[in-house]
Amino acid sequence: MATEAPAHGGYLDILRAPHAARLLTGTLIGRLPNGTGPIAMTLFVRDLGGSYTLAGGLIAAYGVSNAIGQPLLGRAVDLKGQPRVQLPAAVLSALGMALFALTGIGHLALAYAAVVIAGLFTPPLEGGLRALWPSVLGREDRVHRAYALDAVAQEVMFTVGPLLVTLLVALRSPAAALLVINVLGILGALAVVLSEPSRTWRSAPREAHWLGALRSPGLLALLGSFFFVGLALGSITVAAVAYADDRGTPSVYGWLMAALGLGALAGGVVYGARQWAGAPERRLRVLVGLLAVCYLPLMLTPGPVAMTGLSVLSGIFLAPVLACAFIVVDRHAPRGTVTEAFSWLVTTFGVGAALGSAVAGPAVELAGTVAGFAVAGAGGLVALLVLLATGRVLAAPDMPGGPGAAARHAVGETAPTAVHAEKSAH
């Protein structure tokens, strides 16, 4: 069940809050290298004559190292604060990708080392932003709406990002695209860490436990599902390049990726414009099921115009899935692990995407473009099965501190909080 959001609870209300627009914009720009990295890396490797398998392998190395680095850096942010971790990490990540862009694939060991550095030190800006929302916005109903806005804004980046990479490649080269987007990434991180909320934010006290956020069974169940959502999306990245090559029009790739982002943008706008009743865990199962169904038509691989339309369809439920997942993370993460918990979501998604890229490359070379898109369909269906199999665990957000404890933290004084809108629906 859904109701229209009141005017005072809309996106404009969120953006008018002090610091909100700056934090959102800075985070999106700061995440540009990570969001467009696989696209730029694929085009760079292909431009140098490398194979799809090599491109997939490098993207997988980048994704796996990113997956290792995100929760570690997220835990460091929870313990040390944002500026002392986010900016140095952004600089080191950019230096790694610059090394890759300048040395190419002539020495594979060096190429792999460079992308591992870039991935390992990718700053956890995404988790950091979600940690800041409660202190900036106060009421938890506004925080939930900010999660939806966050997901919508990501899709703006995923719509504009591929077009920006395509433009930079056309004007200069894939290497130039890699360098430019990483310089922009540093500037975005700088805008975030110099803001007052980022400088003064401190995590809530946490229970000392070596597992950190991973001691939550519900969070583990969610991460298991999102691994396969990431796998589906990662395979589309490689399969779309193969589709563009089949058609003899490389620019089609950028349009397909932008169309996927546009679909997610539209879906996110509609989803965030309403207040949803009922447990978010149940709603997430429905949304992931719809996402999986919309991946399947990509295997038809029709002409470019129709394929662009199918790409829009495949993205429709992506932003709603992400926005709903953010609330589920908030309900299941242990107190004092806010950045780490959200970073684990990013990590799991990234590992899945890396594996999807690695699997789709050989699948395309062995069985054609359709096989690459089949990996996406399979990933979506398995993601749904994981949620169905773990429904009982997800139905009980009982971690220390209660539902939503992870999202509450101090910024000078404790930020005002309210009872979860979602909790009241039970």
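Reading the values: rules and limits
Each residue is numbered by its place in its chain's sequence as written, counting from 1. In keeping with the predicted nature of the model, local features appear solely for residues at pLDDT of at least 70, side-chain atom pairs appear and are counted solely at 80 or more, and the whole-chain, interface and lining totals rest on all residues. Derived side-chain values reflect all non-hydrogen atoms in the structure, with water molecules and hydrogen atoms excluded from consideration. Secondary structure elements are defined from DSSP: runs of H or I of at least 4 residues count as helices, runs of E of at least 2 residues count as strands, and each element is numbered from the N terminus. Relative accessibility thresholds used throughout: buried, under 20% of the residue-type maximum; exposed, over 50%; partly exposed, between the two (1.4 Å probe, protein chains only). By the convention used here, residues are in contact when the closest approach between their heavy atoms is within 4.5 Å. With residues, only the protein chains shown are counted as cover, and all accessible areas are computed by Shrake-Rupley using a 1.4 Å probe. Throughout, the protein atoms alone are placed on a 1 Å grid, and a set of points is a cavity if a 1.4 Å probe fits but cannot get out or a pocket if it is open with protein on both sides within 12 Å along at least five of seven lines; lining residues have an atom within 4 Å of a point. Grid points are joined across faces, edges and corners, and a volume is the space filled by probe spheres set on the points. Here, nonpolar core refers to any group of buried Ala, Val, Leu, Ile, Met, Phe, Trp, Tyr and Cys residues whose side-chain atoms link them within 4.5 Å. One side-chain nitrogen of Lys or Arg within 4 Å of one carboxyl oxygen of Asp or Glu is enough to make a salt bridge. When two rings of Phe, Tyr or Trp (its six-membered ring) have centres within 6.5 Å they constitute a pair, described as stacked for plane angles under 30 degrees, edge-to-face for angles over 60, and tilted for the intermediate range. We call a charge positioned over a ring when the NZ of a Lys or the CZ of an Arg lies within 6 Å of the ring centre and within 35 degrees of the ring normal. Note on geometry: axes are C-alpha line fits, over the in-contact stretch for helices, and angles between N-to-C directions span 0 to 180 degrees. Throughout, the term roughly parallel applies to angles under 35 degrees, roughly antiparallel to angles over 145, roughly perpendicular to angles from 65 to 115, and oblique to all others. Two helices that cross are described as forming a left-handed crossing if the nearer one is turned anticlockwise from the farther one by less than a right angle, and a right-handed crossing if clockwise. Residues are sorted three ways: Asp, Glu, Lys and Arg are charged, Ala, Val, Leu, Ile, Met, Phe, Trp, Tyr, Cys and Pro are nonpolar, and all the rest, Gly among them, are polar. Multiplying one less than the number of residues by 1.5 Å gives the expected span of a helix. Values of pLDDT, ranging from 0 to 100, describe the predictor's confidence in every residue of the model. Every patch collects residues that have over 30% relative accessible area and no salt bridge, joining them within 9 Å if they carry like charges and within 5 Å if they are nonpolar side chains (Val, Leu, Ile, Met, Phe, Trp, Tyr). When we speak of the arc, we mean the arc of directions from the helix axis to the C-beta atoms.

## Thoughts on the overall build of the chain
Step number 1: Scanning the chain for helices and strands turns up 19 helices and 4 strands.
Step number 2: The proportion of buried residues among the 426 residues of the chain is 59%.
Step number 3: A fraction of 85% describes how many contacts in the chain between residues 6 or more apart in sequence connect residues 24 or more apart.
Step number 4: Here the chain has roughly 15600 Å² of accessible surface; of this, 71% comes from carbon and sulfur atoms.

## With respect to empty space enclosed by the protein
Step number 1: A complete count under the given rule lists 6 cavities of 30 Å³ or more for this structure.
Step number 2: A volume near 660 Å³ is recorded for the largest cavity.
Step number 3: The wall of the largest cavity is formed by 32 residues, among which G35, F158, L233, F349 and A353 lie closest to the centre.
Step number 4: Elements that contribute at least two residues to the lining of the largest cavity include exactly α3 (32-47), α4 (52-80), α7 (125-137), α8 (140-171), α11 (217-247), α12 (251-272), α15 (318-332) and α16 (338-367).
Step number 5: In terms of residues, the lining of the largest cavity owes the most to one element, α16, which gives 7 residues.
Step number 6: Computed from the structure, the second largest cavity encloses a volume of approximately 90 Å³.

## Some details on the nonpolar core
Step number 1: In terms of nonpolar packing, the biggest core is built from 112 residues, with M41, L58, F100, W133, L222 and L284 touching the most fellow members.
Step number 2: It is α11 that provides the largest number of residues to this core, a total of 15 residues.
Step number 3: Those residues in contact with W133, other than ones at most four positions away along the chain, are A20, L24, G138, V143, A146, Y147 and D150.

## Details of the pattern of salt bridges
Step number 1: Within this structure, the stated rule accounts for 6 salt bridges.
Step number 2: When the shortest N-O distance is used, the salt bridge between R130 and E126 registers 2.7 Å. A residue pair is termed a helical-turn pair when its members lie 3 or 4 positions apart in one helix, as R130 and E126 do in helix α7 at 4 residues.
Step number 3: One salt-bridge network, in which partners are shared between bridges, spans R31, E126, R130 and D150.

## Digging into unusual backbone geometry
Glycine aside, residues mostly have negative phi angles, and peptide bonds mostly take the trans form.
Step number 1: A positive phi angle, close to 75°, is found at H19, a residue other than glycine.
Step number 2: The topology assignment puts H19 in the loop between α1 (11-16) and α2 (20-30).
Step number 3: At T301, a residue that is not glycine, the phi angle is positive and equals roughly 40°.

## Side note on the packing of aromatic side chains
Step number 1: All chains considered together, the criterion is met by 6 aromatic pairs.
Step number 2: With a centroid separation of 5.9 Å and an interplanar angle of 75°, the aromatic rings of Y147 and F326 are classed as edge-to-face. Pair noted here: Y147 is in helix α8 and F326 is in helix α15, with a separation of 179 residues, a long-range link.
Step number 3: Residue class for Y147 comes out buried when judged on its relative accessible area of 0%.
Step number 4: Ring centres of F227 and F228 lie 5.0 Å apart, and the angle between their planes is 90°; this geometry places the pair in the edge-to-face category.
Step number 5: Each residue in the set Y147, F326 and F342 is aromatic and connected to the rest through ring pairs, giving one cluster.
Step number 6: Directly above the ring of F326 sits R130, whose terminal nitrogen or CZ lies 3.6 Å from the centroid.

## A few points about the packing of helix α5 (residues 83-103) against helix α6 (residues 108-120)
Step number 1: The geometry of α5 relative to α6 is characterised by a closest axis approach of 7 Å and an angle of 155° between their N-to-C directions. If you check the angle between α5 and α6, you find them roughly antiparallel. As α5 runs across α6, the sense of the crossing is left-handed. Residues L92, S93, G96, M97, L99, F100 and T103 of α5 form the contact with α6, whose own contacting residues are L110, A111, A114, V115, I117 and A118.
Step number 2: For the contact of α5 with α6, the per-class residue count stands at 10 nonpolar, 3 polar and no charged.

## So, the environment of L194
Step number 1: The topology assignment puts L194 in the loop between α9 (174-193) and α10 (196-200).
Step number 2: Taking the C-alpha atoms as reference, L194 lies 7.5 Å from P83; in sequence the two are 111 residues apart.
Step number 3: Once residues lying within four places of it in the same chain are set aside, the contact partners of L194 are R22 and R199.

## Some remarks on helix α13 (residues 280-295)
Step number 1: Here α13 spans 22 Å end to end across 16 residues, near enough to the 22 Å set by a 1.5 Å rise per residue.
Step number 2: If you check which residues of α13 are buried, you get P280, E281, R283, L284, L287, V288, G289, L291, A292, C294 and Y295.

## Digging into the confidence of the model for the chain
Step number 1: Averaged over the chain, the pLDDT score is 82; the fraction of residues at 70 or greater is 87%.
Step number 2: Here helix α19 (residues 421-424) stands out as the element of the chain with the lowest mean pLDDT, 32, in contrast to α6, whose mean of 94 is the highest.
Step number 3: Note on residues 3-9: pLDDT under 50 across the span, and 12 contacts to partners over four residues away in sequence or across chains.
Step number 4: In the predicted structure, residues 399-426 sits below a pLDDT of 50 and forms 73 contacts with residues beyond four places in sequence or in another chain.

## Quick word on a nonpolar patch on the surface
Step number 1: Taken together, the side chains of V183, L187, L190 and L194 define a hydrophobic patch exposed on the protein surface, amounting to about 350 Å² of accessible area.
Step number 2: Secondary-structure assignment places V183 in helix α9.

## Section: the side chain of T27
Step number 1: Examined against the element boundaries, T27 turns out to sit in helix α2.
Step number 2: The class of T27 is buried, set by a relative accessible area of 3%.
Step number 3: In contact with T27, other than residues within four places in its own chain, are L125, E126, L129 and V192.

## Here's the deal with helix α14 (residues 304-315)
Step number 1: With 12 residues, α14 ought to run about 16 Å at 1.5 Å a step, and its terminal C-alpha atoms sit 17 Å apart, in line with that.
Step number 2: Those residues of α14 that fall on the buried side of the exposure criterion are M307, L310, S311, S314 and G315. In an axial view of α14, the angular spread of the buried residues amounts to 135°, which keeps them on one side of the axis.

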